[in-house]
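Notes for the structure review
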Amino acid sequence: MNATERLTELFMRFPGIGPKQAKRFVYYLLREHSHFKEQLISALEELKFTGRQCDVCFRYFGDKSAVQDATCSICKDETRNRKTVMIIEKELDLDAIEKTASYAGIYFILGGLIPPLTEKPSELIRIRELVAMLHQKISNNDIEEIIFALPVTDNGDVTREYVEKTVKQIVGIGKVKLSTLARGLSSGLELEYVDKNTFKNAFEHRG
Ligand SMILES: [Zn+2]
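Here we summarise the structure given alongside this text.

What counts and how
Residues numbered from 1 in each chain as written. Predicted model: local features only at pLDDT ≥ 70, side-chain atom pairs only at ≥ 80, totals over all residues. Heavy atoms only, no water. Helix = DSSP H or I, 4+ residues; strand = E, 2+ residues; numbered from the N terminus. Buried < 20%, exposed > 50% of the residue type's maximum accessible area, 1.4 Å probe, protein only. Contact = heavy atoms within 4.5 Å. Areas by Shrake-Rupley, 256 points an atom, 1.4 Å probe, with all protein chains shown as cover. Lys, Arg positive; Asp, Glu negative; His and termini not counted. Charge placed at Lys NZ, Arg CZ, Asp CG, Glu CD. Donors = N, O, S within 2.8 Å, 3.2 Å for Na, K, Ca; no water. Tetrahedral: all angles 85-135°; square planar, octahedral: opposite > 155°, others 65-115°. Phe/Tyr/Trp six-rings, centres within 6.5 Å; stacked < 30°, edge-to-face > 60°. Salt bridge = Lys/Arg side-chain N within 4 Å of Asp/Glu carboxyl O.

**Re the overall build of the chain**
Check the secondary structure of the chain and you find 9 helices and 6 strands. Burial statistics for the chain: of 207 residues in total, 38% are counted as buried. Across the chain, the fraction of contacts at a sequence separation of at least 24, relative to all contacts at a separation of at least 6, is 51%. Summing over all exposed atoms, the chain offers an accessible surface of approximately 12700 Å²; the carbon and sulfur share of this is 53%. Separation between the mean location of the 30 positive side-chain charges and that of the 30 negative ones in the chain comes to 1 Å.

**Details of the environment of L178**
Along the chain, the position of L178 falls in strand β6 (residues 177-180). Taking the C-alpha atoms as reference points, L178 and S73, separated by 105 residues in sequence, lie 25 Å from one another.

**Observations concerning the coordination of the zinc ion**
The protein atoms donating to the zinc ion are C54 (SG), C57 (SG), C72 (SG) and C75 (SG), with metal-donor distances spanning 2.3 to 2.4 Å. In this structure, the zinc ion is coordinated by 4 donor atoms arranged in tetrahedral fashion, with angles at the metal of 108 to 112°. We note that the donor set of the zinc ion lies within a single chain, spaced as C-x2-C-x14-C-x2-C. Of this pair, C57 sits in the loop between β1 (52-53) and β2 (60-61) while C75 sits in helix α4 (residues 73-76), and the two are 18 residues apart along the sequence. A relative accessible area of 6% means that C75 is categorised as buried.

**Details of the packing of aromatic side chains**
Overall, the coordinates contain 7 aromatic pairs when judged by the stated rule. Measuring from ring centre to ring centre gives 5.6 Å for Y28 and F36, while their planes differ by 85°; the resulting arrangement is edge-to-face. For Y28, a relative accessible area of 35% corresponds to the partly exposed category. Look at F36 and you get partly exposed, because its relative accessible area is 29%. Geometrically, the ring pair formed by Y103 and F203 is edge-to-face, given 5.7 Å between the ring centres and 75° between the ring planes. One end of the pair, Y103, is in the loop between α5 (91-100) and β4 (105-109); the other, F203, is in helix α9 (residues 196-204), with 100 residues separating them in the sequence. Overall, the relative accessible area of 7% leaves Y103 in the buried class.

**Some remarks on the pattern of salt bridges**
Scanning all chains against the criterion turns up 10 salt bridges. One salt bridge in this structure joins E78 and R82, with 4.0 Å as the shortest N-O distance. Across the pair K177 and E145 runs a salt bridge whose closest N-O atoms are separated by 3.9 Å. A residue pair is termed long-range when its members are at least 10 positions apart, and K177 in strand β6 and E145 in strand β5 (residues 145-148) qualify at 32 residues. Using a relative accessible area of 46% as the deciding quantity, one classes K177 as partly exposed. On the basis of relative accessibility, which here comes to 8%, the residue E145 falls in the buried class.

Keep in mind these numbers describe shape, not what the thing actually does.
Written out as C-alpha cells, the structure reads:
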C-alpha cells in the first residue's frame, strides 16, 4: 500500500468518515502546501506524547499541562465550583457547554449511552468510575448537586434513569440535589450544537 492508500484507510477510522470523505481529505493534503502538512504533523507529534485522559472527569485532553498532570485544566481550575457535577455523554458536549461560558461547575463524561433493554448497562458507560468519584466526594463533603445533561432521546432517558437510580443509592435522598436540564428548551436539540441562550435557559430552569 502506498501513502495515499494508507492515509485513506486511517481517515476512515475517524467517527462518521466514509471512504469518499477519507479520499477527499487525502486529495486535500496532496494539494496543500507543505506548511500545512508540517503543522499537522507537529500537532500529531504533540498529541502522541501529551494526549491523556483526565482522572476526574474522564475527558481526553491534549493541552500542554497533560505532560505532568493526569487532571485536566477544568478539573484543576480553583475558581470552579467542584461541588456541582454535570453528567454528560461525551467530550463534544463538554466543549459546547464550555463555549457558552455559562457553567462554572465540573463535569463527568459517561463515554456513551444505554439503549433500551440492554442486559449489561454497566459495560456501556463509566458507572463504576462515577460511583468511585461520588464516594470520594461524599467522604470529603465535596458534593452538593448532580446535574443530568443527557440527550432527550430514548437512549438518553434510559441512561439517565439507570445513572440516577445508582446515584441515589450512594448519595442518599435529600442530601445531594439531583437535577436535569429543562427539557422543553432543549428538546430535539443535540447538546453538542447548543448555543449560549438555549443552554442558559435550560440550565436556569433545571429541576
Ligand atoms: Zn477533568
